[in-house]
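Secondary and tertiary structure notes
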Amino acid sequence: MALPSSLSFDVLPNSAASRTYKSVISSRNSTQFNCNQRMEFAMPQAEASYLDLSNVSLKFKLQATVNGEGGTSQGAHLDFSVLSAISRIVVTCGGQVLSDISGYNYLATAMIQASCSPESLNSYGRNGLGCNGVSDLPLKGDQVLLAGKYYSIPMNMGIFSSKKQLPLDLSSPVVISIYLTSLQETVFCPDNDDNIPANLQFSECEIHAYVCQLNQEAQLFLDNSLAEMSYNWNITDISNMSVAHGTGNTSTVLPFRYSSLKSVVQIVRNATSIGTTGQFSVSGRSKNGINEYYLDVGGDIVPSRRIRVGDNDLGESCSETMVALFGNTEIAQQNSLNTMQIDTITNAAGEALDVIPTFKSIHEFNLNNSTLAAAHTYALGAHTPGTFFAAISLESYKPASDSESLMCGLNTIGSQISWNNKAAGAGNSPSTYEYYGFYDSVISLDPVTRILTANA
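Residues numbered from 1 in each chain as written. Predicted model: local features only at pLDDT ≥ 70, side-chain atom pairs only at ≥ 80, totals over all residues. Heavy atoms only, no water.

**Side note on the side chain of D237**
Among the structural elements, D237 can be located in strand β14 (residues 231–245). This buried residue, D237, is left without a salt bridge; R88 holds the nearest opposite charge, at 10 Å. Side chain to side chain, D237 and S99 meet in a polar contact 2.7 Å long. Apart from the residues within four sequence positions on either side, D237 is in contact with L98, S99, D100, I101, G158, I159, G437, F438 and Y439. (Helix = DSSP H or I, 4+ residues; strand = E, 2+ residues; numbered from the N terminus. Buried < 20%, exposed > 50% of the residue type's maximum accessible area, 1.4 Å probe, protein only. Lys, Arg positive; Asp, Glu negative; His and termini not counted. Salt bridge = Lys/Arg side-chain N within 4 Å of Asp/Glu carboxyl O. Polar contact = N/O pair within 3.5 Å; in protein donor to acceptor, adjacent residues only side chain to side chain. Contact = heavy atoms within 4.5 Å.)

**Examining the pairing of strand β26 (residues 452–455)**
As judged from the four bridges shared by strand β25 (residues 431–445) and β26, these two strands associate in the antiparallel manner. Residue pairing for β26: S444 is matched across the bridge by T453. (Pairing = 2+ DSSP bridges.)

**Some words on unusual backbone geometry**
Residues apart from glycine generally show negative phi values, whereas peptide bonds are mostly found in trans. Between V302 and P303 the backbone carries a cis peptide bond, its omega angle lying at -5°. Relative to the helices and strands, P303 is located in strand β18 (residues 300–308). The phi angle at A48 is positive, at roughly 55°, despite the residue not being glycine. If you trace the backbone, A48 turns up in the loop between β3 (38–42) and β4 (49–65). Unusually for a residue other than glycine, N288 sits at a positive phi of about 55°. Of the residues examined, N288 reaches a relative accessible area of 0% and is grouped as buried.

**Topic: the confidence of the model for the chain**
On average, residues of the chain score 78 in pLDDT, and 75% of them are at 70 or above. pLDDT under 50 marks residues 339–348. Its contacts with residues more than four places away, or in other chains, come to 47 contacts. (pLDDT = per-residue confidence, 0-100.)

**With respect to the sheet that holds strand β8 (residues 140–143)**
Strand order in the open sheet made by the three strands is β8-β5-β12, with antiparallel pairing throughout. At either margin of the open sheet sits one strand with a lone partner, and together these are β8 and β12 (187–188). Here strand β5 (residues 77–79) runs beside β8; their pairing, made up of two bridges, is antiparallel. Counted as the bridge partner of H77 is Q143 from β8.

**Notes on the sheet that holds strand β11 (residues 174–180)**
The four strands lie next to each other as β3-β11-β6-β7, forming an open sheet whose pairing is antiparallel. Here the strands that pair on one side only, and so sit at the sheet edges, are β3 and β7 (96–102). When strand polarity is set aside, the average angle formed by the axes of neighbouring strands in this sheet is 15°. By the bridge criterion, six bridges tie strand β6 (residues 86–93) to β7 in an arrangement that is antiparallel. Its bridge partner being in β7, V90 is matched across the sheet by D100. Against the sheet, helix α1 (residues 104–115) touches β6 and β7, its axis set at about 105° to β6. (Axes fitted to C-alpha atoms, helices over the stretch in contact; angles between N-to-C directions.)

**Describing the packing of aromatic side chains**
Taken as a whole and judged by the stated rule, the model has seven aromatic pairs. Ring centres of Y231 and W233 lie 5.4 Å apart, and the angle between their planes is 65°; this geometry places the pair in the edge-to-face category. Comparing Y231 with W233 shows no difference in burial state: the two are buried. Ring centres of Y293 and W419 lie 5.5 Å apart, and the angle between their planes is 10°; on these two criteria the pair is classed as stacked. With Y293 in strand β17 (residues 290–297) and W419 in strand β24 (residues 417–423), the pair connects residues that are 126 residues apart, well separated along the chain. Per residue, the accessibility class of Y293 equals that of W419, and both read buried. Each residue in the set Y293, W419, Y433 and Y435 is aromatic and connected to the rest through ring pairs, giving one cluster. Directly above the aromatic system of Y179 lies the positively charged group of R88, at a separation of 5.2 Å from the ring centroid. Across the ring face of Y106, the terminal group of R269 is positioned such that the distance to the ring centre comes to 3.9 Å. (Phe/Tyr/Trp six-rings, centres within 6.5 Å; stacked < 30°, edge-to-face > 60°. Lys NZ or Arg CZ within 6 Å of the ring centre and 35° of its normal.)

**Quick notes on the layout of surface pockets**
Roughly 870 Å³ of volume is contained in the largest pocket. Looking at the largest pocket, it is lined by 40 residues, and the ones nearest its centre are M111, N156, M157, S161 and F326. Sorting the residues of the lining of the largest pocket by element identifies β4, α1, α2 (118–121), α3 (124–129), β9 (149–154), β14, β16 (261–270) and α6 (315–325) as the ones contributing at least two each. Among the elements that make up the lining of the largest pocket, the one with the highest residue count is α1 (five residues). For the lining of the largest pocket, the residue count by class is 22 nonpolar, 14 polar and four charged. Taken as a whole, the second largest pocket spans an internal volume of roughly 250 Å³. Around the second largest pocket, the lining is made up of 14 residues, and of these Q219, D223, L226, L445 and R450 lie nearest the centre. By residue number, the principal contributor to the lining of the second largest pocket is helix α5 (residues 216–226), which donates four residues. Considered class by class, the residues forming the lining of the second largest pocket number nine nonpolar, two polar and three charged. (1 Å grid on protein atoms, 1.4 Å probe; cavity = no way out; pocket = protein on both sides within 12 Å on 5 of 7 lines; lining within 4 Å. Points joined across faces, edges and corners; volume = space filled by probe spheres on them. Nonpolar A, V, L, I, M, F, W, Y, C, P; charged D, E, K, R; others polar.)

**Considering the pattern of salt bridges**
This structure, assessed with the given rule, holds eleven salt bridges. Note that D169 and R450 form a salt bridge whose closest N and O atoms lie 3.7 Å from each other. Within this pair, whereas D169 is found in the loop between β10 (165–167) and β11, its partner R450 is found in the loop between β25 and β26, the two being separated by 281 residues in sequence. R450 sits in the partly exposed class, given a relative accessible area of 27%. In this structure, the salt-bridge partner of R305 is E316, at a minimum N-O distance of 3.1 Å. Placement of R305 in strand β18 and of E316 in helix α6 is noted, with a sequence separation of eleven residues between them.

Okay, here's the thing in structure tokens:
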């Protein structure tokens, strides 16, 4: 006997026909690059096709180049990871900027340490990112060799954090531009030594991405559903500013004027962290004697009670940072933020002894032997890696008067916003302060010009 169709559970409706395939895009402006140069990748243009923004990665081969002065030219190690090589990532379409993150290496390093355990850094981090994962020298990354090594970096900030589908049926391709930083910021290396490489070479540079392609019927259904509304989605983009401060308390006016500012991150890079070269360590961060900090938004203090931080009072600051970045819902959050310095005991030759490292609370980051002049052991002497950084969430401070907005952040258009630090003690010294504003931005596809635009 036949069953009514409503009871025939084994008969399932046909799904919209589609397929997903992996696309490998080579750099379009050159086949190889050196420090301080720019890679460009043009995404494919195809009808009824969408780029999966949650599955995009950058792969390349990195190798040292011979300096012509003898030696091995292999006397350099990555500053924590290969992320230190990237200073900025810009995504554009038809001249319209969709996402632009400068100071990428400092923030990416902090975010990796805030979200990965030491064990993860010693497994995937070692193979994919060039991390070390060794507890007593956590900032020393892979040795850069003449033979080279391949790395694969997940693209997971800015537009790539949206986990949405980016349309590729465009009149102008989406272009990803990756700016490389200097040799000094990418690696730890000896000063005035014939083992320092002349430069770094990036070759076989590729974007690996997954593309979803719909059939004509499914695409037509989507077009008819949207009608004149076009294709819109929300992303969290990141803006950066850098400022130098002397000793004592600081108050920095921030240029983050957006309809929905979600959070602000502060990273302090101590001026003494790379010896006499005047450069800064990408991975080394300093508390710099700060014992209290807060945001001032149009005269309102955020949070309502200033955040306190001290040698024996790190929990509040750590919790506020986790709230701003991930939410404070998982007490088992695995990270590599010890906010401590690690003293590696060395012998007279500068070689690390096989001893248990001692831990101290950190006020400033000092790479005491950063020039590695004592041979090539890379023990770094008393290597004191600071991992402290601070973040404040603004998503909990949206006023009731802004109830019509669909965004979850704070509207700072027309308001002056400043980050304020109270600092004192011997640990406070001149430093460079990096600030990052995380804000909502809406990406829209113009149905007439077929160009993507961003509106914050």
